[in-house]
Amino acid sequence: MSHTHLGLLTGLVLGLAAAFGGFWAFLLVFVLGAAGLLVGRFLDGKLDISALSGRDRG
């Protein structure tokens, strides 16, 4: 799945959450989607958690 398709799918899901559930459902879907993205990138090895903390290991 290309990044364009993934972005389109994400926009559609967020739009449906906003249309049928209101602002709080939209916000919940957005936060959980962002958390899922971070977990997925970490598991793929594309997210370095130590870089986010600002600490050096050396």
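Look up a bit, the structure's there.
Calculation criteria
Residues numbered from 1 in each chain as written. Predicted model: local features only at pLDDT ≥ 70, side-chain atom pairs only at ≥ 80, totals over all residues. Heavy atoms only, no water. Helix = DSSP H or I, 4+ residues; strand = E, 2+ residues; numbered from the N terminus. Buried < 20%, exposed > 50% of the residue type's maximum accessible area, 1.4 Å probe, protein only. Areas by Shrake-Rupley, 256 points an atom, 1.4 Å probe, with all protein chains shown as cover. 1 Å grid on protein atoms, 1.4 Å probe; cavity = no way out; pocket = protein on both sides within 12 Å on 5 of 7 lines; lining within 4 Å. Points joined across faces, edges and corners; volume = space filled by probe spheres on them. Nonpolar A, V, L, I, M, F, W, Y, C, P; charged D, E, K, R; others polar. Phe/Tyr/Trp six-rings, centres within 6.5 Å; stacked < 30°, edge-to-face > 60°.

Asker: Which residues make up the overall build of the protein chain, and what are the values?
Answerer: Along the protein chain, the regular secondary structure elements total two helices and zero strands. In the protein chain, buried positions account for 5% of the 58 residues. Carbon and sulfur atoms form 69% of the exposed surface of the protein chain, whose accessible area is close to 5,100 Å².

Asker: Any details on the layout of surface pockets? Residues and values, ideally.
Answerer: Here the largest pocket is characterised by a volume of approximately 530 Å³. For the largest pocket, the lining is made up of 16 residues, of which Leu-6, Thr-10, Gly-33, Ala-34 and Leu-37 are closest to its centre. Partitioned by chemical class, the residues of the lining of the largest pocket number nine nonpolar, four polar and three charged.

Asker: Lay out the packing of aromatic side chains with the relevant residues and their values.
Answerer: The relation between two aromatic rings is expressed through the spacing of the ring centres and the mutual angle of the planes. For the structure shown, the criterion picks out two aromatic pairs. For the ring pair Phe-26 and Phe-30, a centre distance of 6.4 Å and an interplane angle of 20° mean the geometry is stacked. Highlighted residues: Phe-26 and Phe-30, both in helix H1 (residues 3-44), separated by four residues, approximately one helical turn.

Asker: Before we move on, can you summarise the environment of Leu-27 with the specific residues and values?
Answerer: Following the sequence through the fold, Leu-27 ends up in helix H1. With relative accessibility at 29%, the residue Leu-27 sits in the partly exposed group. Expressed as a C-alpha distance, the spacing of Leu-27 and Leu-14, which sit 13 residues apart in the sequence, is 8.6 Å.

Asker: Before we move on, could you go through the environment of Gly-11 and cite the residues and values that matter?
Answerer: Of note, Gly-11 is situated in helix H1. For the pair Gly-11 and Phe-30, spaced 19 residues apart in sequence, the C-alpha to C-alpha distance is 9.9 Å.

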